[in-house]
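# An overview of the molecular structure
Spelled out, the chains give:
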Amino acid sequence: MTTTPPAVRRASPRPRQPAEQPTKAPAAREQGVTDPSAALLPQIEPVRLLEPDGTPLPAHANYPEPPVEALREMYRRMVVGRRFDTQATALTKQGRLAVYPSSRGQEACQVAAVLAVRDTDWVFPTYRESMALVARGIDPVEVLTLLRGDWHCGYDPTARHTAPQCTPLGTQCVHAAGLAYGEAHQGRDTVALAFVGDGATSEGDFHEGVNFTAVFKAPVVYFVQNNRYAISVPLSRQTAAPSLAYKGIGYGVPSEQVDGNDPVAVLAVLTRAVEHARAGHGPFLVEAHTYRMEPHTNADDATRYRDGAEVDAWRDRDPVARLETYLRSRGALDDAAVAAIAEEAEAYAADLRRRMHDKPEVDPLSLFDHVYAEPTPQLVEQRDLVRAELAAADGEGDA
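Residues take numbers from 1 onward in each chain, read along the sequence in its written order. Per-residue local features of the predicted model are confined to residues with pLDDT of at least 70, and side-chain atom pairs are confined, for both listing and counting, to 80 or more; whole-chain, interface and lining totals are unaffected and use all residues. The basis for every side-chain value is the complete set of heavy atoms in the structure, and neither hydrogens nor water enter the calculation.

Once that is clear, we can look at the sheet that holds strand 2 (residues 192-197). Strands are treated as partners if at least two bridges between them are detected by DSSP. In this text, helices come from DSSP runs of H or I with a minimum length of four residues, and strands from runs of E with a minimum of two, each type numbered from the N-terminal end. Spatially, the five strands line up as an open sheet ordered 1-2-3-7-6, and their pairing is parallel. Each edge of the sheet is formed by a strand with only one pairing partner; in this case those strands are strand 1 (122-124) and strand 6 (255-259). Neighbour-to-neighbour, the strand axes of this sheet turn through a mean angle of 20 degrees, independent of strand direction. Across six bridges, strand 3 (residues 220-226) lies against strand 7 (residues 284-289) in parallel orientation. Paired with V221 across the two strands is F284, which belongs to strand 7. The strands that helix 9 (residues 204-216) touches are strand 2, strand 3 and strand 7; relative to strand 3, the one it contacts most, it runs at about 145 degrees. Whenever a helix is involved, its axis is fitted only over the stretch in contact; in every case the axis is a line through C-alpha atoms, and angles between N-to-C directions fall within 0 to 180 degrees. Residue contacts are counted whenever heavy atoms from the two residues lie within 4.5 Å of one another.

You can see E65 is positioned in the loop between helix 1 (27-30) and helix 2 (68-93). Sequence separation of E65 and L49 is 16 residues, and the distance between their C-alpha atoms is 7.9 Å. Non-local contacts of E65, meaning those with residues more than four positions away in its chain, are made with L71, V264, Y326 and R330. Residues adjacent in sequence count toward polar contacts only when both atoms are side-chain atoms; beyond that, a polar contact is any pair of N or O atoms within 3.5 Å, and within protein one must be able to donate a hydrogen and the other to accept it. A polar side-chain atom of E65 sits 2.7 Å from a polar atom in the side chain of Y326. Within polar-contact distance, the side chain of E65 engages the side chain of R330 at 2.9 Å.

With respect to the element layout, Q172 can be found in helix 8 (residues 171-185). A polar side-chain atom of Q172 sits 2.7 Å from the main-chain carbonyl oxygen of F195. When sequence neighbours within four positions are dropped, the list of residues in contact with Q172 reads F124, P125, T126, C166, A194, F195 and V196.

Turning our eyes to something else, we now look at the packing of aromatic side chains. Working definition: a ring pair exists when centres of Phe, Tyr or Trp rings (six-membered ring for Trp) sit within 6.5 Å. Plane angles under 30 degrees give stacked, over 60 give edge-to-face, the rest tilted. Tallied over the entire structure, the rule returns nine aromatic pairs. On the basis of an interplanar angle of 80 degrees and a centroid distance of 5.6 Å, the ring pair of Y181 and F212 is categorised as edge-to-face. On the criterion of sequence distance, the pair formed by Y181 in helix 8 and F212 in helix 9 is long-range, its members being 31 residues apart. Remark: exposure states derive from per-residue accessible area (1.4 Å probe, protein chains only) relative to the maximum for the residue type, with buried under 20%, exposed over 50%, and partly exposed in between. Classification of F212 by relative accessible area gives partly exposed; the value is 31%. For the pair Y291 and W314, a centre-to-centre distance of 5.2 Å together with 5 degrees between the ring planes defines the contact as stacked. Taken together, the residues span a long stretch of sequence, with Y291 in the loop between strand 7 and helix 11 (308-315) and W314 in helix 11 at a distance of 23 residues. The class for Y291 is buried, based on a relative accessible area of 0%. On the basis of relative accessible area, W314 is assigned to the buried category, the value being 10%. Taken together through their ring pairs, the aromatic side chains of Y181, F212 and F216 make up a single cluster. Only when the NZ atom of a Lys or the CZ atom of an Arg is both within 6 Å of the ring centre and within 35 degrees of the ring normal do we say a charge sits over the ring. Residue placement shows R317 over the ring face of W314; its charged tip is 4.2 Å from the ring centre.

Everything listed here is a matter of geometry and, on its own, says nothing about what the molecule does.
This is the structure in structure tokens:
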């Protein structure tokens with residue numbers, strides 16, 4: 001008996017796709033409604049008020065130039081800050097510091113940030129902001145206490161309105177949000193400025209902090225120093241956005257980008273950002289395009305991920321020389337003034353060097369102080385263990 005083979009099911013031909021049509025504009029655009037994000041967008045190019053050689057550019061409508069007296073003071077603090085940074089790096093090589101993250105090349109950002117805020121405002125630094133802290137007037141020995149390894153924080157955060165330097169990436173973003181919200185809730189016009197590195201913008205704490213401040217209009221300025229590398233990870237591995245300044249748009253936060261090696265522009269942009277926050281308009285995000293001239297820390301070999309030509313190109317954009325040239329052209333600096341500031345910087349470094357050579361008196365048991373308001377059983381047990389080990393060591397020494 002012949003059987004008829006089952007019918008073969010043929011796939012239905014796919015319908016022809018119509019020719020691709022151009023994407024239609026959103027309804028709001030078709031109706032002529034203003035894009036609500038337009039006011040949040042940064043400038044297409046970073047704000048710049050000085051050419052790299054110090055030549056002034058035309059005035060910027062949104063960012064008026066700071067007073068020349070403020071710029072002269074900024075120059076002084078940048079010179080002293082750079083000398084401090086060089087001295088701290090040398091102390092690390094001598095074994096006086098356990099580690100030191102240099103901020104050489106970022107002097108404009110470090111100093112402008114503390115000049116843009118009041119002494120009563122709060123600053124939330126990362127581990128790289130030692131130069132900013134000395135520019136804020138904190139004793140350099142106290143600044144280096146953490147990096148020396150003899151205490152959690154050398155200065156009084158409450159008295160200095162400066163949070164302890166933080167090593168975890170991004171945590172300061174949430175701390176700044178909470179403090180600013182609390183200050184505003186109590187009717188004070190305090191602004192919090194949080195330093196952020198380009199790598200920290202990939203951390204959840206950064207996004208949580210920015211979102212919280214936007215929703216509750218907390219007066220925080222998030223200052224992103226984009227120095228191109230998060231240790232050895234280049235910016236291209238951190239974001240696909242046109243720039244990090246665009247990170248604020250999705251949260252409804254106005255943002256700006258600035259040439260971070262142009263001291264005049266950085267101070268102008270940060271001054272406006274702080275005014276925006278203090279006026280009750282909520283947070284502001286600023287991205288400064290700058291460069292870390294030295295390795296990430298003394299434990300880093302930067303030659304493994306960047307070449308000398310790149311470093312040399314950024315050396316030509318030196319922020320200190322840039323501002324000096326401009327101030328000389330304005331008659332605000334001369335040879336005598338430059339020499340006097342350089343002498344002040346040398347004296348500052350010599351005093352730091354002398355005091356850092358005095359060995360600190362360290363009590364190992366103090367490690368357990370101020371960890372919790374009420375020590376946990378585990379902490380008490382650990383403290384007792386250390387106490388017993390110290391007693392045993394003393395006994396062996398006596399024998």
